[in-house]
Amino acid sequence: MEATEAVSVTNLTYSYHPGSPPSLLDIHLNLPRGSRTLIVGANGAGKSTLLQILAGKRLVSIDGADLRIKGRDVFRDSPPGVTYLGTEWAMNPVVRGDIVVSHFLDSVGGYRHKERRDRLLDILDIDLDWHMHAISDGERRRVQLCFGLMIDWDVLLLDEVTVDLDVLVRDELLQFLKSDSEERGATILYATHIFDGLGGFPTHIAHMRFGSFVTPPTPWPIADTPTRPGTSSALYNVALEWIREDREHRRQLEKEGMKKRGARREQAVPSNSEIFYRKYDYAH
């Protein structure tokens, strides 16, 4: 029997190193099939870590944690149809080599998915004669997206992967992803800091702070969400307010003893690095 929930997470706590503070703390998550969820949160909130774990890229060994996609255990019974796209791909030396885009796509099976591949080539405005080592980061990102999306996916995990795209390509890609999700009942979990043009994309939005969900996936739009003057959309306004709350929460914790960020104006004694560089500063 097929699971009604595309993604299910219970009791997930994760630390990068034994004894270090958890990067994720007591995560519970349930996403229905066909949903498109945006994860909002400040840098370091745990969004990328969560997506990487769901993709099976980081092993979780804490007893009691249960992670399932399409009803199957992420680590013990890896489900098919899961695609993860993150920003690190475009920096891989292999994909920055002197290889023609058409050859690269064929090498990863593009010829087996010609109709869908060709549709993405048009949407992403890709030149098949590009050489991977001679194109921009944004163009390389387009090739990554074509490579990652040309095979039908059931669950798509996106981590800031549209950051290098120009506004037109990004808009057309998001329209494609929305239509793909609606037509096939496929599920998207998308972490981003760019909210312009996204108002009609999500079915749910969620808010992470310090490795936990402050607001679990909630149907979008949220009732009584105004668009403030000077902001571009209700979604942008909600994201702005949530991240502003994150900063205020952190500053309150700093008053209670948490390590402080920002300038150290109360530090009267020069640091060792300042003393060293002043001594050898020949510009003055």
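Residues numbered from 1 in each chain as written. Predicted model: local features only at pLDDT ≥ 70, side-chain atom pairs only at ≥ 80, totals over all residues. Heavy atoms only, no water.

If you check an unreviewed UniProt entry, the chain appears there as ABC transporter domain-containing protein from Pleurotus ostreatus.

Undergrad: I would appreciate a short explanation of the domain arrangement of the chain in the present structure.
TA: How big an interface is tends to be expressed through the accessible area that disappears when the partners come together. With domains assigned, the chain is organised as domain 1 (5-81 + 154-165 + 184-256) and domain 2 (88-151). Domain 1 and domain 2 are separated by 27 Å when their C-alpha centres are compared. With five residues of domain 1 in contact, the opposing surface of domain 2 contributes eight residues. Carbon and sulfur atoms make up 63% of the area that domain 1 and domain 2 hide from each other, which totals about 620 Å². If you sort the residues of domain 1 by the area they bury against domain 2, Val161, Asp164 and Leu165 come out on top, with a joint share of 68%. The salt bridge involving arginine 141 is made with aspartate 164; its shortest N-O contact spans 2.8 Å. For the side of domain 1 that touches domain 2, the per-class residue count stands at three nonpolar, no polar and two charged. (Domains from an automatic or database assignment. Contact = heavy atoms within 4.5 Å. Buried area = accessible area lost by both parts, 1.4 Å probe. Salt bridge = Lys/Arg side-chain N within 4 Å of Asp/Glu carboxyl O. Nonpolar A, V, L, I, M, F, W, Y, C, P; charged D, E, K, R; others polar.)

Undergrad: Help me understand helix α1 (residues 47-54) in this model?
TA: In an α-helix, one full turn covers 3.6 residues, which means residues spaced three or four apart are oriented alike. Burial runs high along α1: seven of the eight residues are buried. Among the residues of α1, those classed as buried are Lys47, Thr49, Leu50, Leu51, Gln52, Ile53 and Leu54. Looking one or two residues past α1, glycine 56 carries a phi angle of roughly 80°, positive in sign. (Buried < 20%, exposed > 50% of the residue type's maximum accessible area, 1.4 Å probe, protein only. Helix = DSSP H or I, 4+ residues; strand = E, 2+ residues; numbered from the N terminus.)

Undergrad: Honestly, a nonpolar patch on the surface in this entry has me stumped. Any pointers?
TA: Residues Phe276, Tyr277, Tyr280 and Tyr282 make up a contiguous nonpolar surface patch of about 550 Å² in total accessible area. Secondary-structure assignment places phenylalanine 276 in helix α7 (residues 272-279). You can call phenylalanine 276 partly exposed: its relative accessible area is 44%. (Patch = residues over 30% accessible without salt bridge, like charges linked within 9 Å, V, L, I, M, F, W, Y side chains within 5 Å. Areas by Shrake-Rupley, 256 points an atom, 1.4 Å probe, with all protein chains shown as cover.)

Undergrad: Explain the sheet that holds strand β3 (residues 36-40) here, please?
TA: Reading across from one edge, β6-β7-β8-β3-β9-β10 is the order of the six strands in this open sheet, with mixed pairing throughout. In the strand order of this sheet, the two ends are held by β6 (82-85) and β10 (212-219), each with one partner. Geometrically, the sheet is characterised by an average inter-axis angle of 15° between neighbouring strands, direction not taken into account. Here strand β9 (residues 204-209) runs beside β10; their pairing, made up of five bridges, is antiparallel. From the neighbouring strand, histidine 204 faces β10, where its bridge partner is proline 219. Strands in contact with α1 are β3, β6, β7 (155-159), β8 (187-191), β9 and β10; relative to β7, the strand with the most contacts, it is inclined by about 145°. Packing against the sheet, helix α5 (residues 167-184) makes contact with β3, β7 and β8, and its axis sits at approximately 145° to β8. (Pairing = 2+ DSSP bridges. Axes fitted to C-alpha atoms, helices over the stretch in contact; angles between N-to-C directions.)

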